Every structure is written in structure tokens, then in C-alpha cells.
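Structural features, examined
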Amino acid sequence: MANPVLLPQQKNAPLNPDNGLFTDFWYLNLQGIADAITALQNATVTTVINNSFGLKSPLDFGGIGNGISDDSAAVAAAAAQGYLYLPPGFTFLTTTVTITASDYSIFGGGGLKLIAGAGTDLLVFDGSAFTGTLYPGNGQYGHITNVVLNGNAANQPVNLGGCVVLKNSAYTTVNDNLIYAASGDGIRLENANGCFQADEVNIINNRIFSNGRHGIYAHSTCLPISTTIAANVATGAQTVTPASMANITVGATVIVANSDTTHLEYVPVTAITATTFSATFVTTKTGPGITVISTFGHVGDHVIIGNHCNYNGRSGIRGIYLTSSTIGLNNVLTNATGIELVAADRCTLIGNPCRNNKGSGVIIDQHAAVTYTDLVIGAANTMTSAAHPFQDDDAG
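Residues numbered from 1 in each chain as written. Predicted model: local features only at pLDDT ≥ 70, side-chain atom pairs only at ≥ 80, totals over all residues. Heavy atoms only, no water.

1. Focus on the overall build of the chain
Within the chain one finds three helices and 41 strands. A separation of at least 24 residues holds for 62% of the contacts in the chain among residues at least 6 apart in sequence. When the accessible surface of the chain is summed, it comes to about 17,400 Å², and 58% of that surface belongs to carbon and sulfur atoms. (Helix = DSSP H or I, 4+ residues; strand = E, 2+ residues; numbered from the N terminus. Contact = heavy atoms within 4.5 Å. Areas by Shrake-Rupley, 256 points an atom, 1.4 Å probe, with all protein chains shown as cover.)

Shown next, in the form of C-alpha cells:
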């Protein structure tokens, strides 16, 4: 192939010998252009797209990306690289994609679509393994940027699956995505382990619409309890008899500590009876007075700003036990309810247009077991819903 395509034109040489024009600029090597076109025609789509970025996508692992063919294996293989690049113009039909690594990024402009009949979540970031107190072991630090996530609700059984589930995914950012058609929630934040593991998530500038339940749903999966057992807990697989089995279930993570909380360990529950639970311990707890805590019961320190949350089956944005969070400048309209906060504590709600929702624009509901404090409702919220624009369930 002739190289380069553009060749320097000698000073005062004619651009076109036939018309006598002179120039100091470049002239086109037409043969080079023709050769380049031929090379592109002979290249595969995968090579053209991926080599320009130096990245591998599901296309490199046998994926089709037409939104019709099952690309689950190709998506899983691409995700195993330590990042997931979805090239623009391609939609990969897949089963649930679960990410458990930290500092993981999904990006590229393309999309994922949940395979028909899956009846579950599309994309799950699970940071349950990160239980430390210092970076990098104190959170998942994920990034979901500039992709399209389609829950394919029309072809799913009735369920509460989400397009994006952030489970104990502290310090994760979700920005500039198109998220729609989940059977349940567009984005769901879960705090299954308690404490800081579901904290400080940023959800910014996303379009979230046409989901079966909530656009954005932040909630704690366990109520706070603290029970005491009068025995030592040794390392390895152990059966523990707590003072109460409340909220202790198979698969849940409990915090086991000395009575003065100087010695903590997060352990997953592997089996239960009416009075005991089984788990595997890495370190020894010294008694008496060993405490089992199911969770601290909150999700907090989040920033939810600049999102479009429209046409969702229940709430545009809903928070349960949401603490120290800012919800601002979101366009929340044409949902069953605009924004709903249950037992919110130290949150700021400001500058949200909550319009044309079937029910209330904003609902504030105090849970019987939790008192909310310092809840700031900014005057810049616009609430022009069909029913009551603002409802405080405590005020009546």
C-alpha cells in the first residue's frame, strides 16, 4: 500500500498540473486512499473497532453484539480481563454479569441486554469481600460509565431484578449511562454487610426510565440488632448460639466482635437452626460477652445528582435508612411517586423537579424504629404531581 496517504507538496509546485494552481499545502495521494479503503474492507469489524483503542471486547471472544444472539460466554470471557469494554453500536445479550473485583471499569458506549427468561439482575457489583478499613481493601471503587443497560423486562417473568445492583459496593461511581426496562429497579444499592461497605456511591447524569419498580433504590437489607453470646469463638468452621436469631439468615453476613468491639470479623452465615448459626472464622474471638451484630442498618454518604428518573412503576428515587446523602437536581417525573424517603437521616433534598407523578411528588416516612433528624427539604424542589405534591407521613 502506498504510504503515506498525504504527501508533502513542494513549495510553489502546482496542486494540479492541469489548472496551473500553486500551493504550500499537501496534496492527496489518491492511490494511498484507494489502498487504505481496500485494507479496511478486508479487515474484520472486531479489528477495526478494538485495535483503534488497544482494548478487547466481547467481539474478540466470539460475541456478535446484535442484541439477539446469546453472547453470555463472550461477555463473561471479556469481563475476566479486569475491565469490560463495550464498543459503541453493539448490544450484547447476556445472563447476569457479576463483578467482585475492585477498581473495575465498564465503559465504551455499547450495551448489555438481559437474556429473555433470566428473571434476575443484569449487572451486579458485589463488594462484600472488602471489609478492611483502609484503601484499597475498604471498598470496591467501581466505575460504570457511558454504557446502555437494558433489563428486557418485556421478556422476563415477574420479578424485582435490577439493571444495576451495587451490593456493598462502596466508593463506586455510576455516570452518563442509559438504564432502562428492568423488571424491578434501574439502580439498586444494597447494604447487606452493614457499616461502611455500601457508603459513598456517586450516581450522576444517568437517564433511568421505564423500570418496573424504582428508578434508583437505596436500602439496607437488614435491621440493626445486637445480641450477646457467652462463649469463645475459635477459628475454622464453628456453630454459634446467639442470644437471638433475629435477622440472621443463610447467606447473610454478620459481624462478630468482642463485647468492647475491639476485635471485629465479618463472616457469612452458611447454615442455621432455630437457635444457632454456622460460619467459618479466620480469627479467634475471646469471651465472655461476644457480640453478634447483623448490620448497622444504613446506606449513606451518597451523591445522587443530575439524573433523569422517569416512567418508573413506583418511585423515581427511593431511599430506606438513607443517611448523610444529597439528592439534588434530578428530573423526577411521570412515576407513581416522585421521591420517597423512609427513615432518612441527615439528608439534603434540593432542586429536584418532581412533576406529573401519579401520587405524591415527595413522601417522607419515619419508620417506627428509627427517628430521622436534620432532614433538609430545599425550597427549590418543584412538586406539581397529580395528587398531593408533598406528603409527610408523620405529620398526617
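Now, onward.
2. Quick word on helix 3 (residues 72-79)
Because an α-helix packs 3.6 residues into every turn, residues spaced three or four apart end up facing the same way. Taken together, the buried positions of helix 3 are Ser-72, Ala-74, Val-75, Ala-78 and Ala-79. When helix 3 is viewed along its axis, its buried side chains cluster within an angular range of 165° and face the same direction. Considering only its buried residues, helix 3 is in contact with strand 5 (66-70), strand 6 (84-85), strand 7 (91-94), strand 8 (97-99) and strand 10 (111-114). (Buried < 20%, exposed > 50% of the residue type's maximum accessible area, 1.4 Å probe, protein only. Arc of directions from axis to C-beta.)

3. Describing the confidence of the model for the chain
Interpretation of the predicted coordinates at a detailed level should be avoided for regions scoring low in pLDDT. In this model, the chain carries an average pLDDT of 80, and 74% of its residues clear a pLDDT of 70 or more. Here residues 1-28 is modelled with pLDDT under 50, and outside its nearest four sequence neighbours on either side it reaches 43 contacts, counting other chains as well. Note that pLDDT drops below 50 for residues 368-373; the model gives that stretch 14 contacts with residues more than four away or on any other chain. (pLDDT = per-residue confidence, 0-100.)

4. Notes on unusual backbone geometry
Phi at Asp-176 takes a positive value of approximately 60°, unusual for a residue other than glycine. Owing to a relative accessible area of 40%, Asp-176 belongs among the partly exposed residues under this scheme.

5. A few points about the sheet that holds strand 23 (residues 253-257)
Ordered by their spatial adjacency, four strands build an open sheet running 21-27-23-24, and the pairing between neighbours is antiparallel. The open sheet terminates on both sides in strands that have one partner only, identified here as strand 21 (226-229) and strand 24 (264-268). Each strand axis lies, on average, 30° off the axis of its neighbour in the sheet, ignoring direction. Note that strand 23 and strand 24 share five bridges and pair antiparallel. Residue pairing for strand 24: Val-254 is matched across the bridge by Val-267. (Pairing = 2+ DSSP bridges. Axes fitted to C-alpha atoms, helices over the stretch in contact; angles between N-to-C directions.)

6. With respect to the packing of aromatic side chains
If you walk through the whole model with that rule in mind, you get six aromatic pairs. When the ring of Tyr-83 is compared with that of Phe-107, the centres are 6.2 Å apart and the planes differ by 35°; the resulting orientation is tilted. Of this pair, Tyr-83 sits in the loop between helix 3 and strand 6 while Phe-107 is found in strand 9 (residues 105-107), placing the two residues 24 residues apart along the sequence. The class of Phe-107 is partly exposed, set by a relative accessible area of 26%. Considering the side-chain rings of Phe-90 and Phe-92, the 6.4 Å spacing of their centres and the 15° angle between planes classify their relative orientation as stacked. (Phe/Tyr/Trp six-rings, centres within 6.5 Å; stacked < 30°, edge-to-face > 60°.)

7. Notes on the side chain of His-219
Here His-219 is to be found in strand 20 (residues 216-220). We classify His-219 as buried; its relative accessible area is 13%. Once residues within four sequence positions are removed from consideration, His-219 is found in contact with Arg-188, Leu-189, Glu-190, Asn-191, Val-299 and Ile-320.

8. Points about the sheet that holds strand 25 (residues 271-272)
Pairing in this open sheet of three strands is antiparallel, and the strands run 22-26-25 from one edge to the other. Edge positions in the sheet fall to strand 22 (236-240) and strand 25, since each of these pairs with one other strand and no more. Sheet analysis places strand 22 next to strand 26 (residues 277-281), joined by five bridges and oriented antiparallel. Bridge assignment links Ala-237 to a residue of strand 26, and that residue is Thr-280.

9. Here's the deal with the pattern of salt bridges
Under the criterion given, the structure shown has seven salt bridges. Linking Asp-185 and Arg-213 is a salt bridge whose minimum nitrogen-to-oxygen distance equals 2.8 Å. Here Asp-185 is found in the loop between strand 16 (178-180) and strand 17 (187-191), whereas its partner Arg-213 is found in the loop between strand 19 (207-209) and strand 20, with 28 residues between them in sequence. Exposure class is identical for Asp-185 and Arg-213. Each is buried. Three or more residues are tied together by salt bridges with common partners; here these are Asp-121, Asp-185, Arg-188, Glu-190 and Arg-213. (Salt bridge = Lys/Arg side-chain N within 4 Å of Asp/Glu carboxyl O.)

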